[in-house]
Amino acid sequence: FFSSQWAADAHRVYHCGVPQKRIDRSSFVHLVELDEFNDYAKDRHAVYVSTGTVAKVRLDPATVEVLHPYWAKDKDGVYSLLNRARLKVDSATFV
């Protein structure tokens, strides 16, 4: 188990006990469980949220960093996960 919502075996990733066929097991990484409603994971294709779906904000899985339940950044910028918007801030210095 990675968290209360994500688990994996040698062949599959599971979200809440259900196999996730679209998630690539070989590149799957659990990022962080901030609380029961904010649990993030990724594979080489996408970033996934607590519901097991792809994050509404297009985040680069190779460089994503979840900062807070409502904030994330990647090589392209800083994003509000709540508003699904890219912020006009300096991502290199945003903490």
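See above for the structure.
Predicted model only: the values in this text are computed from it and were never measured. (Residues numbered from 1 in each chain as written. Predicted model: local features only at pLDDT ≥ 70, side-chain atom pairs only at ≥ 80, totals over all residues. Heavy atoms only, no water.)

Q: I tried to follow the packing of aromatic side chains on my own but got confused; where do I start?
A: Two aromatic rings are characterised by how far apart their centres lie and by the angle between their planes. If you walk through the whole model with that rule in mind, you get 4 aromatic pairs. Arranged with centres 5.8 Å apart and planes meeting at 50°, the rings of Trp-71 and Phe-94 form a pair that is tilted. Taken together, the positions of Trp-71 in strand S8 (residues 71-74) and Phe-94 in the segment after strand S10 (85-87) put the pair 23 residues apart, joining distant regions of the chain. By relative accessible area, which is 21% here, Phe-94 ends up partly exposed. (Phe/Tyr/Trp six-rings, centres within 6.5 Å; stacked < 30°, edge-to-face > 60°. Helix = DSSP H or I, 4+ residues; strand = E, 2+ residues; numbered from the N terminus. Buried < 20%, exposed > 50% of the residue type's maximum accessible area, 1.4 Å probe, protein only.)

Q: Just checking my understanding: could you explain the pattern of salt bridges for this structure?
A: Any two side chains of opposite charge can pair if their charged atoms end up close together. Scanning the model with the defined rule gives 2 salt bridges in all. A salt bridge links Asp-24 to Arg-44, with the nearest nitrogen and oxygen atoms 3.3 Å apart. Separated by 20 residues along the polypeptide, Asp-24 in the loop between strand S3 (18-19) and strand S4 (29-35) and Arg-44 in the loop between strand S5 (38-42) and strand S6 (47-48) bring together distant segments of the chain. Relative accessible area serves as the criterion here: at 59%, Arg-44 is assigned to the exposed category. (Salt bridge = Lys/Arg side-chain N within 4 Å of Asp/Glu carboxyl O.)

Q: I would appreciate a short explanation of the environment of His-11 in the present structure.
A: For His-11, the location among the structural elements is in the loop between strand S1 (6-8) and strand S2 (13-15). For His-11, a relative accessible area of 64% puts it in the exposed group. For the pair His-11 and Ser-26, spaced 15 residues apart in sequence, the C-alpha to C-alpha distance is 8.1 Å.

Q: Looking at this model, I keep getting lost on a nonpolar patch on the surface. Mind explaining?
A: A surface patch of nonpolar side chains, about 310 Å² in accessible area, is lined by Tyr-70, Trp-71 and Leu-82. Its place among the elements puts Tyr-70 in the loop between strand S7 (65-68) and S8. By relative accessible area, which is 40% here, Tyr-70 ends up partly exposed. (Patch = residues over 30% accessible without salt bridge, like charges linked within 9 Å, V, L, I, M, F, W, Y side chains within 5 Å. Areas by Shrake-Rupley, 256 points an atom, 1.4 Å probe, with all protein chains shown as cover.)

Q: I tried to follow the environment of Asn-83 on my own but got confused; where do I start?
A: Residue position: Asn-83 is located in the loop between strand S9 (77-80) and S10. Residues Asn-83 and Lys-56 lie 27 residues apart in sequence; the distance between their C-alpha atoms is 9.5 Å.

Q: What am I meant to see in the sheet that holds S5 here?
A: Remark on secondary structure: sheet strands pair via backbone hydrogen bonds, oriented parallel or antiparallel. If you trace the 3 strands from one edge of the open sheet to the other, you get S4-S5-S6, paired in antiparallel fashion. Taken across any chain shown, the strands that pair with only one partner, and hence form the sheet edges, are S4 and S6. Pairing geometry for S4 and S5, over 5 bridges, is antiparallel. Following the sheet pairing, Glu-33 is matched in S5 by Asp-39. (Pairing = 2+ DSSP bridges.)

Q: Got a minute to help me understand the pairing of S9 in this structure?
A: Across 4 bridges, S8 lies against S9 in antiparallel orientation. Across the sheet, residue Lys-73 finds its bridge partner in S9, namely Val-78. Between S8 and S9, which pair antiparallel and follow one another directly, the connecting turn spans 2 residues. Bridge count for S9 against S10 is 3 bridges, and the pairing is antiparallel.

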